[in-house]
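The chain contents come next:
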Amino acid sequence: ATAMAQDGSAPQVMVRYNDLDLNTSSGRERLDTRVRFAIRSMCNIDGRQPLRQRTMAQECVAQAHRDVAPQLAALLNGSSARFASEKPPVVAAP
């Protein structure tokens, strides 16, 4: 996953997958793992946080999953497979 700086906007992480074969279940599972890791990293998930920060982090995770779902669906359904190395999914914090 690659962090992307956006002038004053919400943090974003680009998840690369050009090394994965998304036609296999193992390739799709690895992409899912990368996306989940990127979201947790971007949303700063840490079980030792105070309750308020943990709640905000969990909300960030939920929103990021909602935001990336259409990108992953399009990718895994083949509509953007030919752009695999050009358009990696971007996970953004709310």
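Okay, so let's go over this structure.

Rules used throughout
- Residues numbered from 1 in each chain as written.
- Predicted model: local features only at pLDDT ≥ 70, side-chain atom pairs only at ≥ 80, totals over all residues.
- Heavy atoms only, no water.
- Helix = DSSP H or I, 4+ residues; strand = E, 2+ residues; numbered from the N terminus.
- Buried < 20%, exposed > 50% of the residue type's maximum accessible area, 1.4 Å probe, protein only.
- Contact = heavy atoms within 4.5 Å.
- Areas by Shrake-Rupley, 256 points an atom, 1.4 Å probe, with all protein chains shown as cover.
- Expected span 1.5 Å × (residues − 1).
- Arc of directions from axis to C-beta.
- Disulfide = S-S within 2.5 Å.
- Core = buried A, V, L, I, M, F, W, Y, C linked by side-chain atoms within 4.5 Å.

Scanning the protein from N- to C-terminus turns up 2 helices and 3 strands. Listing every helix and strand of the protein by position from the N terminus yields β-β-α-α-β. Counting all 94 residues of the protein, 29% fall into the buried class. Partitioning the intrachain contacts of the protein with sequence separation of at least 6 by distance along the chain shows that 53% fall at a separation of at least 24. Counting every atom, the protein has about 6200 Å² of accessible surface; 50% of that belongs to carbon and sulfur.

Along its 18 residues, helix α1 (residues 25–42) runs 25 Å from first to last C-alpha, staying within 8% of the 26 Å computed at 1.5 Å per residue. Buried residues of α1: Gly27, Leu31, Val35, Ala38, Ile39 and Met42, and no others. Taken down its axis, α1 places every buried residue within 110 degrees of arc, on the same side. Exposed side of α1, more than 90 degrees from the buried face: Glu29, Arg30, Phe37 and Ser41 are the residues found there.

Let us look at the state of the cysteines. By definition, a disulfide links the sulfur atoms of two cysteine residues through a covalent bond. The tally for this structure, following the rule as stated, stands at 1 disulfide. Shown here is the disulfide that connects Cys43 with Cys60, its sulfur atoms set 2.0 Å apart. A torsion of -70 degrees about the S-S bond marks the disulfide between Cys43 and Cys60 as left-handed. Linking Cys43 in the loop between α1 and α2 (51–76) with Cys60 in helix α2, this pair joins segments that are 17 residues apart in sequence. Taken as a pair, Cys43 and Cys60 share a single burial class, namely buried.

Ranked by size, the top nonpolar core spans 17 residues in total, and within it Tyr17, Leu22, Leu31, Val35, Ile39 and Cys43 carry the most contacts. Counting only elements with at least two residues in this core, the list comes to α1 and α2. Residue contributions to this core peak at 6 residues, all from α2. Setting aside its immediate chain neighbours within four residues, Leu22 contacts Tyr17, Gly27, Arg28, Leu31, Leu75 and Leu76.

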